[in-house]
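# Close look at the chain arrangement
For reference, the chains in residue letters:
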Amino acid sequence: QVQLVESGGGLVQAGGSLRLSCAVSGSIFSINNMDWYRQAPGKQRELVAGIFGEGRTAYADSVKGRFTISRDNAKNTVYLQMNSLKPEDTAVYYCAAGIRRYGTSGYSDYWGQGTQVTVSS
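Worth saying up front: this structure is predicted, and the values here are computed from it rather than measured.

A separate point is the nonpolar core. Residues W36, L80, M82 and Y93 are the most contacted members of the largest nonpolar core, which totals 30 residues. Listing elements by their share of this core, those giving two or more residues are β1 (2–7), β3 (18–26), β4 (28–39), β5 (46–51), β7 (67–72), β8 (77–82), β9 (91–101) and β11 (115–120). A per-element tally of this core places β9 first, with five residues. Those residues in contact with M82 that sit more than four places away from it in its chain are G16, S17, L18, L20, R66, F67, Y93 and V117.

Okay, here's the thing in structure tokens:
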């Protein structure tokens, strides 16, 4: 069994910062990509940032220069540092990871339960 647990969401004023964390636990052989998505009310879920095992990163244009994704492979944890937050960043943020479990030969996608980020103007 694999679990992804996000933390760090909350209410912040525009221009403020938050740091999200997502800890992965369970019967894990290897983790490939670790990603952050978000979904605002009435909108589709979108990819915010992603990081691969070797450290290569990618960001949505809307967050470039403001958000930073990082990972601690020893702790199986991915982080999202969010600076200069805007009201349009308000959404439920989800972490996702491509995980290979012990005893399996391939990777599957797993998701966390989401954490609410609200940015007030």
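On we go from here.
Moving on, we get to the pattern of salt bridges. Tallied over the full model, the rule gives five salt bridges. For E46, the salt bridge identified is with R38, shortest N-O distance 2.6 Å. On the basis of relative accessibility, which here comes to 7%, the residue R38 falls in the buried class. Between R66 and D89 there is a salt bridge; the shortest N-O distance is 2.8 Å. Remark: D89 occurs in the loop between β8 and β9 and R66 occurs in the loop between β6 (57–59) and β7; sequence separation between them is 23 residues. For the pair formed by R66 and D89, the shared burial category is buried. A single salt-bridge network, built from bridges that share partners, covers R38, E46, R66 and D89.

Bringing the packing of aromatic side chains into the picture now. Each pair of aromatic rings is reported with the distance of its centres and the angle of its planes. This model, assessed by the stated rule, comprises two aromatic pairs. Ring geometry for F29 versus Y102: centroids 5.5 Å apart, planes at 85°, classification edge-to-face. Separated by 73 residues along the polypeptide, F29 in strand β4 and Y102 in the loop between β9 and β10 (108–111) bring together distant segments of the chain. When the ring of Y37 is compared with that of W111, the centres are 4.8 Å apart and the planes differ by 50°; the resulting orientation is tilted. Pair noted here: Y37 is in strand β4 and W111 is in strand β10, with a separation of 74 residues, a long-range link. One cation-aromatic arrangement involves R45 over Y94; the distance from NZ or CZ to the ring centre is 3.8 Å.

On to the pairing of β9, then. With nine of 11 residues buried, β9 lies mostly within the body of the structure. In this sheet, β9 lies alongside β4 in antiparallel orientation, the contact comprising nine bridges. Counterpart to Q39 in the pairing with β9 is V92. Judged from the three bridges that link them, β9 and β11 form a sheet pairing that is antiparallel. Within β11, the position partnered with A91 by the bridge is V117. In sequence, β9 turns back onto β10 through a hairpin of six residues, with G103 there showing a positive phi of about 85°.

This part takes up the state of the cysteines. Counted by the stated rule, this structure contains one disulfide. The residue that forms a disulfide with C22 is C95, at a sulfur-sulfur distance of 1.9 Å. Measuring the twist about the S-S bond at about 40°, one finds the C22-C95 disulfide to be right-handed. In this pair, C22 sits in strand β3 while C95 sits in strand β9, placing the two residues 73 residues apart along the sequence. For the pair C22 and C95, one class covers both residues: buried.

Definitions and cut-offs
- Residues numbered from 1 in each chain as written.
- Predicted model: local features only at pLDDT ≥ 70, side-chain atom pairs only at ≥ 80, totals over all residues.
- Heavy atoms only, no water.
- Core = buried A, V, L, I, M, F, W, Y, C linked by side-chain atoms within 4.5 Å.
- Buried < 20%, exposed > 50% of the residue type's maximum accessible area, 1.4 Å probe, protein only.
- Helix = DSSP H or I, 4+ residues; strand = E, 2+ residues; numbered from the N terminus.
- Contact = heavy atoms within 4.5 Å.
- Salt bridge = Lys/Arg side-chain N within 4 Å of Asp/Glu carboxyl O.
- Phe/Tyr/Trp six-rings, centres within 6.5 Å; stacked < 30°, edge-to-face > 60°.
- Lys NZ or Arg CZ within 6 Å of the ring centre and 35° of its normal.
- Pairing = 2+ DSSP bridges.
- Disulfide = S-S within 2.5 Å.

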